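Residues per chain are reported as follows:
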Amino acid sequence: HANARFFPKNVSIPDYMNGFRLITIPNIDLSTRTSLSSFFYNDASLRRIPEIDTSSCTDFSSLFYNCTNLTKVPNLNTSNGINFGAMFQGCVELKEIPELDLSSGTYFGSMFKACGSLKRLGALNTNSGTMFNSMFLDCKQLEFIDDIETESGTDFQYMFQNFLLLYALILH
């Protein structure tokens, strides 16, 4: 990527920018990073994310944690992801999330916790998942989850606590 900006492997954008908050991010090359854990952590100014190459990433935990003004997320290649814990936790303005390949994931705790504006989720292939604790806790506007596979699950504590509008859920 000729125009891509490089960020060191263990530094998040808020750290790199030394406290300067972004409304949108520049075109950056993340193609070789295996962890994006907390990369945009607590960046309340961030509203949109451009397409980014996440094909090498295995750890998506807290990637967008508490990005309270985030309204749009691009398609993300999550096919190698294992840890999705708190990935979108606290993204209160996010109304929809594109389809994610979660088939390699094992940890989904608090993944969508407190996503208060989220209305619908497509099919979630979480057949390798074991930990689903608080996954949808406080998703008060969530009406539909098209399909979620939980047959390997061992921890479901608070998975659906504080729901107000859930109309359809298909569990496997």
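See the structure shown above.
A. Here's a closer look at the nonpolar core. With 40 residues, the main nonpolar core has F64, F88, M111, F112, M135 and F136 as its most contacted residues. Sorting the residues of this core by element identifies β1 (120–124) and β2 (144–148) as the ones contributing at least two each.

B. Summary view of the environment of S37. Position of S37 relative to the elements: it lies in the loop between α1 (13–16) and β1. Spatially, the C-alpha atom of S37 lies 5.9 Å from that of D59, the residues being 22 residues apart in sequence. Setting aside chain neighbours within four positions, we find S37 in contact with D59 and S61.

C. A look at the environment of L142. Along the chain, L142 turns up in the loop between β1 and β2. L142 gets classed as buried once you look at its relative accessible area, which sits at 0%. For L142 and G116, which are 26 residues apart along the polypeptide, the C-alpha to C-alpha distance reads 7.7 Å.

D. Quick look at the packing of aromatic side chains. Inspection of every chain in the model, using the stated rule, returns 11 aromatic pairs. Ring centres of F88 and F112 lie 5.7 Å apart, and the angle between their planes is 5°; on these two criteria the pair is classed as stacked. Placement of F88 in the loop between α1 and β1 and of F112 in the loop between α1 and β1 is noted, with a sequence separation of 24 residues between them. The same class applies to F88 and to F112, which are both buried. Measuring from ring centre to ring centre gives 5.5 Å for F132 and F156, while their planes differ by 5°; the resulting arrangement is stacked. Here F132, found in the loop between β1 and β2, pairs with F156, found in the loop between β2 and β3 (168–171); they are 24 residues apart in sequence, far enough to count as distant. Among the aromatic residues, those joined into a cluster by ring pairs are F39, F40, F64, F88, F112, F136 and F160. Over the aromatic face of F144 sits the side chain of R120, whose NZ or CZ is 4.9 Å from the ring centroid.

E. Looking closely at the pattern of salt bridges. For the coordinates displayed, the defined rule picks out 1 salt bridge. Of the charged contacts in the structure, one is a salt bridge between D146 and R120, with a shortest N-O distance of 2.8 Å. Placement of the pair is D146 in strand β2 and R120 in strand β1, with a sequence separation of 26 residues. A relative accessible area of 30% means that D146 is categorised as partly exposed.

F. Quick look at the side chain of D155. Take D155: it is sitting in the loop between β2 and β3. With no salt bridge to any partner, buried D155 finds its closest opposite charge in K113, at an N-O distance of 12 Å. The residues touching D155, leaving out its near neighbours within four places in the chain, are T130, M131, F132 and N133.

G. Just the environment of L121, in detail. Here L121 lies in strand β1. In this structure L121 comes out as buried when scored by relative accessible area, which is 3%. Sequence-wise, L121 and P98 are 23 residues apart; in three dimensions their C-alpha atoms are separated by 8.2 Å. Those residues within four positions of L121 in sequence are excluded, and the remaining contacts are I97, F112, F136, L142, F144, I145 and D146.

H. Quick peek at the state of the cysteines. On inspection of all chains with the given rule, the structure shows 0 disulfides. In this structure C67 is not part of a disulfide, and its nearest cysteine sulfur, from C91, lies 5.3 Å away. By relative accessible area, which is 0% here, C67 ends up buried. Lacking any disulfide linkage, C91 is separated from the closest cysteine sulfur, that of C115, by 5.3 Å.

About the thresholds
Residues numbered from 1 in each chain as written. Predicted model: local features only at pLDDT ≥ 70, side-chain atom pairs only at ≥ 80, totals over all residues. Heavy atoms only, no water. Core = buried A, V, L, I, M, F, W, Y, C linked by side-chain atoms within 4.5 Å. Buried < 20%, exposed > 50% of the residue type's maximum accessible area, 1.4 Å probe, protein only. Helix = DSSP H or I, 4+ residues; strand = E, 2+ residues; numbered from the N terminus. Contact = heavy atoms within 4.5 Å. Phe/Tyr/Trp six-rings, centres within 6.5 Å; stacked < 30°, edge-to-face > 60°. Lys NZ or Arg CZ within 6 Å of the ring centre and 35° of its normal. Salt bridge = Lys/Arg side-chain N within 4 Å of Asp/Glu carboxyl O. Lys, Arg positive; Asp, Glu negative; His and termini not counted. Disulfide = S-S within 2.5 Å.

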